[in-house]
Amino acid sequence: MDCLFCKIINKTIKSDIIHDDKECIAFNDINPQAPVHFLIVPKKHIPTVLDIKEEDKKLIGHMVSVANKICRDRKIDLRGFRLVFNCNPDSGQVIYHIHMHVLGGRKMNWPPG
Ligand code: AMP
Ligand code: ZN
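Residues numbered from 1 in each chain as written. Chains lettered and ligands numbered in written order. Predicted model: local features only at pLDDT ≥ 70, side-chain atom pairs only at ≥ 80, totals over all residues. Heavy atoms only, no water.

J.: What exactly am I supposed to notice about the site of ligand 1 here?
T.: In the vicinity of ligand 1, 16 residues are found, and the nearest of them are Asp29, Gly92, Val94, His99 and His101. Between Asn86 and ligand 1, the recorded distance is 2.9 Å, taken from a side-chain N or O atom to an oxygen atom. Gly92 is positioned such that a nitrogen or oxygen atom in its backbone is 2.8 Å from an oxygen atom of ligand 1. If ligand 1 stood free it would expose 500 Å²; the protein chains cover 84% of that surface. Listed by contribution, the elements that provide at least two residues to the shell around ligand 1 are α1 (4–9) and β2 (24–28). Counting residues per element, the shell around ligand 1 draws most heavily on α1, which supplies three residues. (Near = heavy atom within 4 Å. Polar contact = N/O pair within 3.5 Å; in protein donor to acceptor, adjacent residues only side chain to side chain. Areas by Shrake-Rupley, 256 points an atom, 1.4 Å probe, with all protein chains shown as cover. Helix = DSSP H or I, 4+ residues; strand = E, 2+ residues; numbered from the N terminus.)

This is the structure:
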């Protein structure tokens with residue numbers, strides 16, 4: 001399958017990995033939109049959040065736990081951070097393997113663009 005994030009997961013393409021476990025990896029975004037901007041990516045290839053199945057619910061919870069841990073380690077937990085899943089064209093999703101953006105280290109705007 002020609003999926004950039006599957007290639008990052010199986011390490012045929014290099015990335016700046018900051019977390020790696022049985023279920024997911026996290027790596028810094030190549031085009032950061034904030035001082036902290038990394039992606040949490042499940043090892044299972046799931047194209048969009050619409051494809052998340054009943055049996056994936058624990059996996060999604062685990063991804064949030066990993067985000068929390070990294071934000072606590074980086075001491076941006078109390079000032080705050082943002083978790084984002086884009087889904088389909090209107091959201092700006094460009095990689096069709098789900099990923100949770102974790103953004104922080106600056107004040108975020110609301111509503112988002
Ligand atoms: P999305 O628009 O939600 O699909 O986000 C895709 C994200 O992947 C963007 O923020 C890109 O900057 C990021 N990205 C694309 N290629 C790479 C890469 N090789 N390593 C790290 N991040 C990447
Ligand atoms: Zn994939």
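Structure's up, so let's keep going.
J.: Looking at this structure, I do not really get the pattern of salt bridges. What am I missing?
T.: Side-chain pairs of opposite charge can arise where the charged atoms are in close proximity. Going through the model one piece at a time under the given rule, you end up with seven salt bridges. Salt-bridge contacts for Lys44 lead to Asp56; the nearest nitrogen and oxygen are separated by 2.6 Å. Taken as a pair, Lys44 in the loop between β3 (36–42) and α2 (57–73) and Asp56 in the loop between β3 and α2 lie far apart in primary sequence, twelve residues in all. Given a relative accessible area of 39%, Lys44 falls into the partly exposed group. (Salt bridge = Lys/Arg side-chain N within 4 Å of Asp/Glu carboxyl O. Buried < 20%, exposed > 50% of the residue type's maximum accessible area, 1.4 Å probe, protein only.)

J.: Where do I start with the coordination of the zinc ion (ligand 2) in this structure?
T.: A metal bound by six donors in octahedral fashion has ideal angles of 90 or 180 degrees, whereas one bound by four tetrahedral donors has an ideal angle of 109.5 degrees. Ligation of the zinc ion (ligand 2) by protein atoms is provided by Cys3 (SG), Cys6 (SG), His45 (ND1) and His97 (ND1), these donors lying 2.0 to 2.3 Å from the ion. Each of the four donor atoms bound to the zinc ion (ligand 2) contributes to angles spanning 104 to 116°, and the resulting shape is tetrahedral. Each donor residue of the zinc ion (ligand 2) lies on the same chain, and together they follow the pattern C-x2-C-x38-H-x51-H. Of this pair, His45 sits in the loop between β3 and α2 while His97 sits in the loop between β4 (81–84) and β5 (100–104), and the two are 52 residues apart along the sequence. Residue class for His45 comes out partly exposed when judged on its relative accessible area of 26%. (Donors = N, O, S within 2.8 Å, 3.2 Å for Na, K, Ca; no water. Tetrahedral: all angles 85-135°; square planar, octahedral: opposite > 155°, others 65-115°.)

J.: Help me understand the pairing of β3 in this model?
T.: Residues in a regular strand point their side chains to alternate faces of the sheet. Here β3 lies mainly inside the structure; seven of its seven residues are buried. Here β3 shows two buried faces, one formed by Val36, Phe38, Ile40 and Pro42 and the other by His37, Leu39 and Val41. In terms of strand pairing, β3 meets β5 through five bridges, oriented antiparallel. In the strand pairing of β5, Ile40 is matched with Met100. (Pairing = 2+ DSSP bridges.)

J.: Just checking my understanding: could you explain the nonpolar core for this structure?
T.: In terms of nonpolar packing, the biggest core is built from 17 residues, with Phe38, Ile40, Met63, Ile70 and Val102 touching the most fellow members. Those elements giving two or more residues to this core turn out to be β2, β3, α2 and β5. Counting residues per element, this core draws most heavily on α2, which supplies seven residues. If sequence neighbours within four positions are ignored, Ile40 has contacts with Cys24, Ile25, Ala26, Met63, Val66, Ala67, Ile70, Ile98, His99, Met100 and Val102. (Core = buried A, V, L, I, M, F, W, Y, C linked by side-chain atoms within 4.5 Å. Contact = heavy atoms within 4.5 Å.)

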